[in-house]
Amino acid sequence: MAIERTFSILKPDATRRNLTGAINALIEKAGLRIVAQKRVQMTRAQAETFYAVHKERPFFGELVGTMIAGPVVVQVLEGEDAIKTYRGVLGATDPAKADPGTIRKEHALSVGENSAHGSDALDTAAIEIAQWFSGNEIVG
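Within an unreviewed UniProt entry, the label attached to the protein reads Nucleoside diphosphate kinase, and the organism entered is Methylocapsa palsarum. Regarding the protein, the UniProt comment filed under Function (unreviewed entry) reads as follows: "Major role in the synthesis of nucleoside triphosphates other than ATP. The ATP gamma phosphate is transferred to the NDP beta phosphate via a ping-pong mechanism, using a phosphorylated active-site intermediate."

Following this line, the structure appears as structure tokens:
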């Protein structure tokens, strides 16, 4: 398997409840390395750009509102098959359907406040990473 990088956001519902360390522990337990991380307050423009793929969907406004409601932690994760590995650690979007031990089963409040985001493909990961990090901020 190839070493990949993926993008992660610990969402406002997680940072509000001081879960950064607990979620990072699950990430690292899965064999992923956190090679970049910073806490930011996402602006409306940043959230709209980040979630532009969902612009025409009925939940877009609620999604943007949720993401700007408090600070987030943006991260670059690295490891073998990182995208698939992290999506497995995240669990299903609906925490009621997520497997035990996953981020969303253990920490999410609802489908809308599901504690974390992860890239779904290599090209998406590259775009998402570039929106939040310059090359010298990623140290692997």
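Draft legend 1. Summary view of the overall build of the protein. Assigned secondary structure in the protein consists of seven helices and four strands. Ordering the α and β elements of the protein from the N terminus gives β-α-α-β-α-α-β-α-α-β-α. Its C-alpha atoms give the protein a radius of gyration of 14 Å, within 12% of the compact-globule value 14 Å for 140 residues. Referenced to the eigenvectors of the C-alpha coordinate spread, the extents of the protein come out at roughly 40 × 35 × 25 Å. Per-residue burial over the protein gives 46% buried out of 140 residues. In the protein, once contacts between residues fewer than 6 apart in sequence are set aside, the share between residues at least 24 apart is 77%. About 7100 Å² of surface is accessible on the protein, with carbon and sulfur atoms providing 52% of the total. Of the side-chain charges in the protein, 16 are positive and 17 negative, and the distance between the mean point of each set is 4 Å.

Draft legend 2. Geometry of the UniProt feature "domain: Nucleoside diphosphate kinase-like" (unreviewed entry) in the protein. Under the feature "domain: Nucleoside diphosphate kinase-like" (unreviewed entry), the UniProt entry names residues 3–140. Taken as a whole, residues 3–140 contains 40% helix and 20% strand, while its terminal C-alpha atoms sit 11 Å from one another.

Draft legend 3. Expanded view of the environment of Leu32. Position of Leu32 among the secondary structure elements: in the loop between helix H2 (20–29) and strand E2 (33–40). Residue Leu32 is classed as buried on the basis of its relative accessible area of 3%. Not counting chain neighbours up to four residues away, the residues in contact with Leu32 comprise Ile27, Leu77, Glu78, Gly79, Ala82, Thr85 and Tyr86.

Draft legend 4. Quick peek at the sheet that holds strand E1 (residues 3–10). Across the sheet, four strands lie side by side as E2-E3-E1-E4; this open sheet has antiparallel pairing. Both edges of this open sheet fall to E2 and strand E4 (116–118), since each of them pairs with a single strand only. Mean inter-strand twist for the sheet, computed between neighbouring axes without regard to direction, equals 20°. The pairing of E1 with E4 spans three bridges and is classified as antiparallel. Bridging across to E4, Leu10 finds its partner in Ala116.

The rules we used
- Residues numbered from 1 in each chain as written.
- Predicted model: local features only at pLDDT ≥ 70, side-chain atom pairs only at ≥ 80, totals over all residues.
- Heavy atoms only, no water.
- UniProt positions renumbered as here; feature names shortened; annotations may be inferred.
- Helix = DSSP H or I, 4+ residues; strand = E, 2+ residues; numbered from the N terminus.
- Rg over C-alpha atoms; globule rule 2.2 N^0.38 Å.
- Buried < 20%, exposed > 50% of the residue type's maximum accessible area, 1.4 Å probe, protein only.
- Contact = heavy atoms within 4.5 Å.
- Areas by Shrake-Rupley, 256 points an atom, 1.4 Å probe, with all protein chains shown as cover.
- Lys, Arg positive; Asp, Glu negative; His and termini not counted.
- Charge placed at Lys NZ, Arg CZ, Asp CG, Glu CD.
- Pairing = 2+ DSSP bridges.
- Axes fitted to C-alpha atoms, helices over the stretch in contact; angles between N-to-C directions.

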